Amino acid sequence: MKAGQAVLEALRAEGVEYTFGVVGSTTNSIVTEMHGRSDIRFVDTRHEEGAALMAYGYARASGKPTACITTSGPGTINLVTGISLAYKGRAPVIVIAGDVARDFTYRDGSQAFDLVALFKPITKLALEVNKTERIPEMLHYAFRAALADKHGPVFLDIPRDLLDDQTVAGEALRPGAYRAVETRIAGDSQAIQRGVALLAQAQRPLLLAGGGIIDAEASKDAVALAELLDMALVPSYGHTDAVPNSHHLYVGPPGGRGSGEAAEALHRADVILALGTRLNQPTTFWDYRVINRETQIVQVDIDAREIGRNYPVAVGIVGDAKAVAEQLLRALRETYPQGRPKEAWRSEVATLAARRQARLQAERSLTGTPMMPQRVYPELRRVLPRDCMVTIDAGVAPGLAYDRLHFETPRTLFNYAGHGGLGMGYCVGLGTKLGRPDRPAVSLQGDGGFLYTSQEINTAVRWRIPLVSIVLNNSCHGAEKAQQQRHFGARYIGVDLVNPRFDKLAEVYGARGMYVERPEEIADALKEALASNGPSVIEIPVAEYFPAPAPTPGGAGRH
């Protein structure tokens with residue numbers, strides 16, 4: 001078969017149904033092979049950054065791998081922001097870069113760069129194909145790396161002369177022939193027993209639910225563990241959908257934009273089961289303002305390098321979150337078939353959760369024009385479907401969502417995953433809807449972030465992607481303005497913004513635009529947008545509001 005077709009057949013063998021990118025002369029041998037096909041499609045975005053961000057959203061929402069296909073030089077370099085997000089966010093995105101012909105490398109040829117070296121720090125693996133006949137083999141290598149242990153992106157550079165007018169012999173192999181497809185990694189039995197002994201004797205146990213729970217589909221197992229031992233449930237920052245927020249043991253999300261009540265629960269715990277988490281910086285700050293020095297930690301992570309990396313552990317267990325949770329459950333039930341109730345601790349947890357709910361309920365009485373941004377969230381909560389996928393962009397106004405929206409189902413919250421890239425929200429939201437077309441999708445942005453990638457409204461319209469985008473417009477870069485206000489004498493530079501009307505911008509592109517100025521109008525607007533089955537942008541003017549970080553029991557840190 002043609003070399004370009006060989007690339008596509010290798011992708012189809014792994015179930016890839018969408019590829020993302022912008023066309024270019026070095027990849028026409030691949031993308032033109034999709035002509036007339038419906039089993040694999042090329043989503044042509046208006047900028048390669050949008051392609052990478054959409055691929056990230058697709059992979060995270062669906063749990064399946066996908067690919068970006070881009071041309072030489074700046075075409076591929078434009079992927080860097082989105083692929084670095086995929087690296088931070090554990091998304092299996094295969095980058096297929098059509099590079100300049102080998103005759104032009106190492107001679108400062110047009111659009112010739114060392115792309116492999118450029119992508120090595122932000123991928124699990126970066127390689128250049130050196131022979132046409134090795135294209136299928138190298139794609140197998142790419143998927144093997146992307147889907148092993150902790151998932152992540154892989155970069156594959158294919159020089160143009162290995163693609164144009166070239167053929168490859170053979171047929172596509174099934175994935176089980178070249179990589180492990182049953183990848184549940186169980187924990188060491190002795191480590192499991194030590195972990196069980198420590199958890200069973202705890203008086204104030206807490207389960208910190210990490211992203212590994214979502215990756216391993218272990219939410220039900222995590223809840224069962226918590227119920228068996230009356231463990232408080234706290235998700236790690238950015239993974240609020242790891243456990244159902246309506247559960248009676250759930251406290252709230254931690255972090256500077258989370259709840260102080262969750263930080264208190266973490267600080268009071270005498271044993272923490274860190275299940276599928278690195279104990280990341282936004283959750284714990286890597287010091288003792290949240291985690292108590294006396295707290296003992298049982299850490300479970302699929303990556304052995306993460307065990308004890310940020311905090312000393314009492315027990316470290318390397319393994320898949322679901323496999324290890326099942327081992328812990330079996331061992332605990334054998335010894336304690338009725339569980340180990342902790343009535344006093346359960347009462348403390350309930351008090352903390354009730355205090356959080358009372359604090360959020362009080363925000364409903366806030367008044368003012370434009371409305372305070374906190375007023376947006378109770379209105380959204382009234383109408384957001386239970387399975388709605390919500391993507392939260394970077395920024396102060398959308399960041400209020402972490403403590404104010406509720407999540408009940410895994411793979412319904414998406415964010416910048418410790419990457420911090422402003423503007424990712426809209427494109428990631430588009431990708432989530434392609435990844436799970438059966439679920440409604442909403443993205444939350446501030447006015448600063450929205451204009452980073454708003455050209456992809458055109459992509460949404462052309463591809464009929466019914467994402468509802470909510471733009472909270474406070475006419476500033478809020479996080480930076482807050483910092484300049486508090487720590488730099490209110491000497492404002494580069495933080496005040498002059499914007500177009502975002503609803504009108506959407507209409508120019510052919511999407512639906514809505515403008516909402518009163519809280520009581522928000523729910524109806526969102527219901528209408530979700531029912532319209534097309535791309536919509538809802539602009540909501542909001543007041544400047546720069547909340548202090550959530551309080552932490554062990555003291556504050558630097559700004």
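In the block above lies the structure referred to throughout.
The paragraphs below set out a description of the structure included in this document.

How each quantity is defined
- Residues numbered from 1 in each chain as written.
- Predicted model: local features only at pLDDT ≥ 70, side-chain atom pairs only at ≥ 80, totals over all residues.
- Heavy atoms only, no water.
- Helix = DSSP H or I, 4+ residues; strand = E, 2+ residues; numbered from the N terminus.
- Rg over C-alpha atoms; globule rule 2.2 N^0.38 Å.
- Buried < 20%, exposed > 50% of the residue type's maximum accessible area, 1.4 Å probe, protein only.
- Contact = heavy atoms within 4.5 Å.
- Lys, Arg positive; Asp, Glu negative; His and termini not counted.
- Charge placed at Lys NZ, Arg CZ, Asp CG, Glu CD.
- Pairing = 2+ DSSP bridges.
- Phe/Tyr/Trp six-rings, centres within 6.5 Å; stacked < 30°, edge-to-face > 60°.
- Lys NZ or Arg CZ within 6 Å of the ring centre and 35° of its normal.
- Axes fitted to C-alpha atoms, helices over the stretch in contact; angles between N-to-C directions.
- Parallel < 35°, antiparallel > 145°, perpendicular 65-115°, else oblique.
- Left-handed = near helix turned anticlockwise from the far one by under 90°.
- Nonpolar A, V, L, I, M, F, W, Y, C, P; charged D, E, K, R; others polar.
- Polar contact = N/O pair within 3.5 Å; in protein donor to acceptor, adjacent residues only side chain to side chain.
- Core = buried A, V, L, I, M, F, W, Y, C linked by side-chain atoms within 4.5 Å.

**Quick word on the overall build of the protein**
Then comes step 1: Within the protein, the regular secondary structure consists of 23 helices and 17 strands.
Then comes step 2: Against the globule reference of 24 Å for 559 residues, the protein gives a C-alpha radius of gyration of 24 Å, in line with a compact fold.
Then comes step 3: Across its three principal directions, the C-alpha atoms of the protein cover 75 × 60 × 45 Å.
Then comes step 4: Across the 559 residues in the protein, those meeting the buried criterion constitute 59%.
Then comes step 5: Across the protein, the fraction of contacts at a sequence separation of at least 24, relative to all contacts at a separation of at least 6, is 77%.
Then comes step 6: Put simply, the protein has 61 plus and 62 minus side-chain charges, and the middle of one group is 3 Å from the middle of the other.

**Quick notes on the pairing of strand β11 (residues 315-318)**
Then comes step 1: Residue alternation in β11 divides its side chains into a buried set, Val 315 and Ile 317, and an unburied set, Gly 316 and Val 318.
Then comes step 2: Pairing geometry for strand β10 (residues 296-301) and β11, over 4 bridges, is parallel. Bridge pairing links Gln 299 to Gly 316 in β11.

**Re the packing of aromatic side chains**
Then comes step 1: This model, assessed by the stated rule, comprises 8 aromatic pairs.
Then comes step 2: Seen from their ring centres, Phe 119 and Phe 155 are 4.4 Å apart, and the 10 degrees between their planes marks the pair as stacked. Of this pair, Phe 119 sits in helix α6 (residues 115-119) while Phe 155 sits in strand β6 (residues 154-159), and the two are 36 residues apart along the sequence. The pair Phe 119 / Phe 155 is uniform in exposure class, with both members buried.
Then comes step 3: An aromatic cluster is present here, built from Tyr 18, Phe 20 and Tyr 58 joined pairwise through their rings.
Then comes step 4: A cation sits over an aromatic face here: Lys 481 above Tyr 492, 4.8 Å from the ring centre.
Then comes step 5: Stacked on the ring of Tyr 515, the Lys or Arg Arg 501 has its end atom at 3.7 Å from the ring centre.

**Digging into the packing of helix α3 (residues 48-62) against helix α5 (residues 80-88)**
Then comes step 1: One way to put it is that α3 packs onto α5 with a least axis distance of 7 Å and a crossing angle of 20 degrees. For the element pair α3 / α5, the angle class is roughly parallel. As for how α3 packs across α5, the hand of that crossing is left-handed. Residues Glu 49, Ala 52, Leu 53 and Tyr 56 of α3 touch α5, and the partners they reach there are Thr 81, Gly 82, Ile 83, Leu 85 and Ala 86.
Then comes step 2: When the residues that make up the contact of α3 with α5 are grouped by side-chain class, the tally is 6 nonpolar, 2 polar and 1 charged.

**Quick look at the sheet that holds strand β14 (residues 441-446)**
The pairing of strands in a sheet happens through backbone hydrogen bonds and is either parallel or antiparallel.
Then comes step 1: Taken together, 6 strands build an open sheet; the order of strands is β13-β12-β14-β15-β17-β16 and the sheet is parallel. Bordering the open sheet on either side are β13 (413-414) and β16 (512-515), each of which pairs with just one other strand.
Then comes step 2: Pairing geometry for strand β12 (residues 389-392) and β13, over 2 bridges, is parallel. Bridge pairing in β13 links Val 390 to Leu 413.
Then comes step 3: Relative to the sheet, helix α15 (residues 376-383) contacts β14, β15 (468-473) and β17 (536-541), its axis offset from that of β15 by approximately 165 degrees.
Then comes step 4: Sitting on the sheet, helix α23 (residues 519-531) touches β14, β15, β16 and β17, and the angle it makes with β17 is about 165 degrees.

**What to know about the side chain of Asn 280**
Then comes step 1: In this fold, Asn 280 is placed in the loop between β9 (271-275) and α12 (281-284).
Then comes step 2: Since its relative accessible area comes to 8%, Asn 280 is described here as buried.
Then comes step 3: Here Thr 283 takes part through its side chain, which lies 2.6 Å from a polar atom of the side chain of Asn 280.
Then comes step 4: Those residues in contact with Asn 280 that lie beyond four places of it in its chain are Ser 236, Tyr 237, Phe 285 and Trp 286.

**Quick notes on the environment of Val 498**
Then comes step 1: Checked against the element boundaries, Val 498 lands in the loop between α21 (478-487) and α22 (502-509).
Then comes step 2: Judged by relative accessible area, Val 498 falls into the exposed class, the value being 83%.
Then comes step 3: Sequence separation between Val 498 and Gly 448 is 50 residues; the distance between their C-alpha atoms is 9.6 Å.

**Quick notes on the sheet that holds strand β4 (residues 93-99)**
Then comes step 1: Read from one edge of the open sheet, 6 strands run β2-β1-β3-β4-β6-β5, paired in parallel fashion. Of all strands in the sheet, those bounded by a partner on one side alone are β2 (41-44) and β5 (125-128). When the angles between neighbouring strand axes are averaged without regard to direction, this sheet yields 25 degrees.
Then comes step 2: Of the strand pairs in this sheet, strand β1 (residues 18-21) and strand β3 (residues 66-70) are connected by 2 bridges, and their pairing is parallel. In the strand pairing of β3, Thr 19 is matched with Ala 67.
Then comes step 3: Packed on one face of the sheet, α3 meets β1, β2, β3 and β4 and runs near 170 degrees to β3.

**Considering the environment of Pro 175**
Then comes step 1: Locating Pro 175 in the fold gives a position in the loop between β6 and α8 (189-201).
Then comes step 2: For Pro 175, a relative accessible area of 15% gives the class buried.
Then comes step 3: Between the alpha carbons of Pro 175 and Phe 143 there is a distance of 8.7 Å; along the sequence they are 32 residues apart.
Then comes step 4: Excluding residues within four positions of it along the chain, Pro 175 makes contact with Ala 13, Glu 14 and Val 181.

**With respect to the pairing of β12**
Then comes step 1: Going residue by residue along β12, you find Met 389 and Thr 391 tucked away on one face and Val 390 and Ile 392 tucked away on the opposite face as well.
Then comes step 2: Bridging between β12 and β14 involves 4 bridges; their strand directions are parallel. Bridge pairing links Ile 392 to Leu 444 in β14.

**With respect to the environment of Leu 11**
Then comes step 1: One can find Leu 11 in helix α1 (residues 3-13).
Then comes step 2: Under the relative-accessibility criterion, Leu 11 is labelled buried at 0%.
Then comes step 3: In this structure, the C-alpha to C-alpha distance between Leu 11 and Arg 305, residues 294 residues apart in sequence, is 30 Å.
Then comes step 4: Not counting residues up to four positions away in its chain, the partners in contact with Leu 11 are Val 16, Thr 19, Ile 40, Ala 67, Ile 96 and Phe 143.

**A closer look at the nonpolar core**
Then comes step 1: Residues Phe 20, Leu 380, Ile 470 and Ile 540 are the most contacted members of the largest nonpolar core, which totals 80 residues.
Then comes step 2: Take this core: its biggest share by element is 9 residues, from α3.
Then comes step 3: Core analysis: the second largest hydrophobic core is formed by 40 residues, Leu 199, Ala 200, Ala 325 and Leu 329 among them.

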